[in-house]
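As a plain string of letters, each chain reads:
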Amino acid sequence: QVQLVESGGGLVQPGGSLRLSCVVSGSIFSIGAMGWYRQAPGKQRELVAAITSGGSTNYTDSVKGRFTISRDTAKNTVYLQMNSLKPEDTAVYYCNADVWSSRWWSEAYWGQGTQVTVSS
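Okay, so let's go over this structure. (Residues numbered from 1 in each chain as written. Predicted model: local features only at pLDDT ≥ 70, side-chain atom pairs only at ≥ 80, totals over all residues. Heavy atoms only, no water.)

## Observations regarding the environment of T77
At step 1: Inspection of the secondary structure puts T77 in strand β8 (residues 77-82).
At step 2: Sequence separation of T77 and E6 is 71 residues, and the distance between their C-alpha atoms is 9.6 Å.
At step 3: Among residues more than four places away in sequence, those in contact with T77 are C22, V23, M34, S70, R71 and D72.
At step 4: A distance of 2.8 Å separates a polar side-chain atom of T77 from the backbone oxygen of K75. (Helix = DSSP H or I, 4+ residues; strand = E, 2+ residues; numbered from the N terminus. Contact = heavy atoms within 4.5 Å. Polar contact = N/O pair within 3.5 Å; in protein donor to acceptor, adjacent residues only side chain to side chain.)

What follows is the structure, encoded as structure tokens:
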């Protein structure tokens, strides 16, 4: 079994920063792409940022220049550094990872989510 555990969410004032972490544990042969999604109340879940196993990244337009996704392969961990936070960044943030349990089988897993609230 595979688990994704997020941490680092909380309440922050506009203009502040937070760093989210997501640790993948369990039956892991390798990890492919990893990403962060968010879902605000009444809205669909959206991709915020993603990073491939090779380190290529992409971001949704609204966070470009403010958020940075990175990963530590040795620790099976993905991070999301969020700077210059805005009230519209308020959402539950979910980690997603494409986990290979063997050379022939992969499956996408989700974390439980961590709340980020940007408010004065």
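## Quick word on the nonpolar core
At step 1: Within the largest apolar cluster, 29 residues are counted, with the highest numbers of intra-cluster contacts made by W36, L80, M82 and Y93.
At step 2: Among the elements of the structure, β1 (2-7), β3 (18-26), β4 (30-39), β5 (46-51), β7 (67-72), β8, β9 (91-100) and β11 (114-118) are those that each provide at least two residues to this core.
At step 3: Here the element with the most residues in this core is β9; it accounts for five residues. (Core = buried A, V, L, I, M, F, W, Y, C linked by side-chain atoms within 4.5 Å. Buried < 20%, exposed > 50% of the residue type's maximum accessible area, 1.4 Å probe, protein only.)

## Considering the pairing of β3
At step 1: Examined bridge by bridge, β1 and β3 share six bridges and lie antiparallel to one another. Pairing of V2 across the sheet is with G26, part of β3.
At step 2: Of the strand pairs in this sheet, β3 and β8 are connected by six bridges, and their pairing is antiparallel. Its bridge partner lying in β8, C22 is registered against V78. (Pairing = 2+ DSSP bridges.)

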